[in-house]
Amino acid sequence: MLFICDEVDCSRVYCSDCLEVLIGESQIDVIRNTTPWKCFLCEDKKGCILQGRKDWQRKLVEFYNVKSQNNIEVNSASFKEKRPIRVISLFDGIGTGFFVLKQLGLEVEAFFACETDQDAINVTSIQHGHSVQQLGPVESLSTSKIASLCPIDLLFGGSPCNDLSLVNPARKGIYGGTGVLFFDFYRVLKLVQQHNPADRHLFWLFENVVTMQLDSKATISRFLEVN
């Protein structure tokens, strides 16, 4: 369950499970029965464990400041082997994944992308040149093609959410429209795991909209074997 602040200018959302841990189960009923309800940052609740920070804007900027994060010292001795990574990005968009990896200072040996929107492909090409190799639609990725791309160190993607999001009243769900593209992510994931060498660990990430039907979320979680 999510609690949304009723303050007009506030867009904060709070998870009931998190609040139960932070402020106690009894307070959940209080929040549920309070109308309108102002969140902890909009209404100063003295003595509450959730308190707004006066310098939250500066902290937020620092959190997303890549340069300041790069100043963190890392013990290189903890890494037995360093090598450039090989990446597959499904539903790639405008190449943001490649940009982030470079910002993090990771050396990329090969970056393969699946994208169908030509405008997005053009942006990626202009920004990153031949560093991003386009593979075409994810549906056309064959077993032999994936095997030829391996080994792969990182696979990530977020299938289109327009048929999964509760915002869309005409959504078709996970078994219709673009919702079924999740299963292509799952197919590629399993094929990469199958064709990767035994000593090559695959890191993977799947993301999608939080506001989807519970049955769709349960299906995705079941296939990916996550909670």
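This is a predicted model, so every value here is computed, not measured.

Enquirer: Now, about the nonpolar core: what can you tell me, with residues and values included?
Expert: Counting 28 residues, the largest nonpolar core has Ile88, Leu90, Ile152, Leu155, Phe185, Val188 and Val192 as the members making the most contacts within it. The set of elements that each furnish at least two residues to this core consists of β3 (85-90), β4 (108-114), α7 (143-149), α8 (181-195) and α9 (214-224). Looking at this core, the element that brings in the most residues is α8, giving seven residues. When near neighbours in sequence (up to four residues on either side) are disregarded, Ile152 contacts Arg86, Val87, Ile88, Phe112, Val192, Asn196, Arg200, His201 and Leu202. Counting residues in hydrophobic clusters, the runner-up holds eleven residues, among them Phe3, Ile23, Ile28 and Phe40.

Enquirer: Break down the sheet that holds β4 for me, citing the residues and quoting the values.
Expert: Sheets are built from strands that pair by backbone hydrogen bonding, the pairs being arranged parallel or antiparallel. In space, the five strands of this open sheet follow the order β5-β4-β3-β6-β7, with parallel pairing throughout. This sheet does not close on itself; its edge strands, each paired only once, are β5 (132-134) and β7 (203-206). Between one strand axis and the next, the sheet turns by 15° as a mean value, whatever way the strands run. Of the strand pairs in this sheet, β4 and β5 are connected by three bridges, and their pairing is parallel. Each bridged residue has a counterpart across the sheet, and for Phe112 the counterpart in β5 is Gln133. Contacts from helix α5 (residues 96-103) reach β3, β4, β5 and β6 (154-157) within the one sheet, and its direction differs from that of β4 by about 160°.

Enquirer: An account of the packing of aromatic side chains is needed here, citing residue identities and associated values.
Expert: This model, assessed by the stated rule, comprises twelve aromatic pairs. Relative to Phe111, the ring of Phe98 has its centre 5.3 Å away and its plane inclined at 80°; by these criteria the two rings are edge-to-face. Taken together, the residues span a long stretch of sequence, with Phe98 in helix α5 and Phe111 in strand β4 at a distance of 13 residues. We classify Phe98 as buried; its relative accessible area is 9%. The interplanar angle of 75° and the centroid separation of 5.2 Å between the aromatic rings of Phe183 and Phe223 together place this pair among those described as edge-to-face.

Enquirer: Go over the pairing of β7 with me, naming the residues and quoting the values.
Expert: Residues in a regular strand project their side chains so that they alternate between the two faces of the sheet. With four bridges joining them, β6 and β7 adopt parallel strand pairing. Looking at the pairing, Phe156 lines up with Leu205 of β7. In this fold, the crossover linking β6 to β7 by way of α8 has right-handed handedness.

Rules of the game
Residues numbered from 1 in each chain as written. Predicted model: local features only at pLDDT ≥ 70, side-chain atom pairs only at ≥ 80, totals over all residues. Heavy atoms only, no water. Core = buried A, V, L, I, M, F, W, Y, C linked by side-chain atoms within 4.5 Å. Buried < 20%, exposed > 50% of the residue type's maximum accessible area, 1.4 Å probe, protein only. Helix = DSSP H or I, 4+ residues; strand = E, 2+ residues; numbered from the N terminus. Contact = heavy atoms within 4.5 Å. Pairing = 2+ DSSP bridges. Axes fitted to C-alpha atoms, helices over the stretch in contact; angles between N-to-C directions. Phe/Tyr/Trp six-rings, centres within 6.5 Å; stacked < 30°, edge-to-face > 60°. Right-handed = clockwise from strand over helix to strand, strands pointing away.

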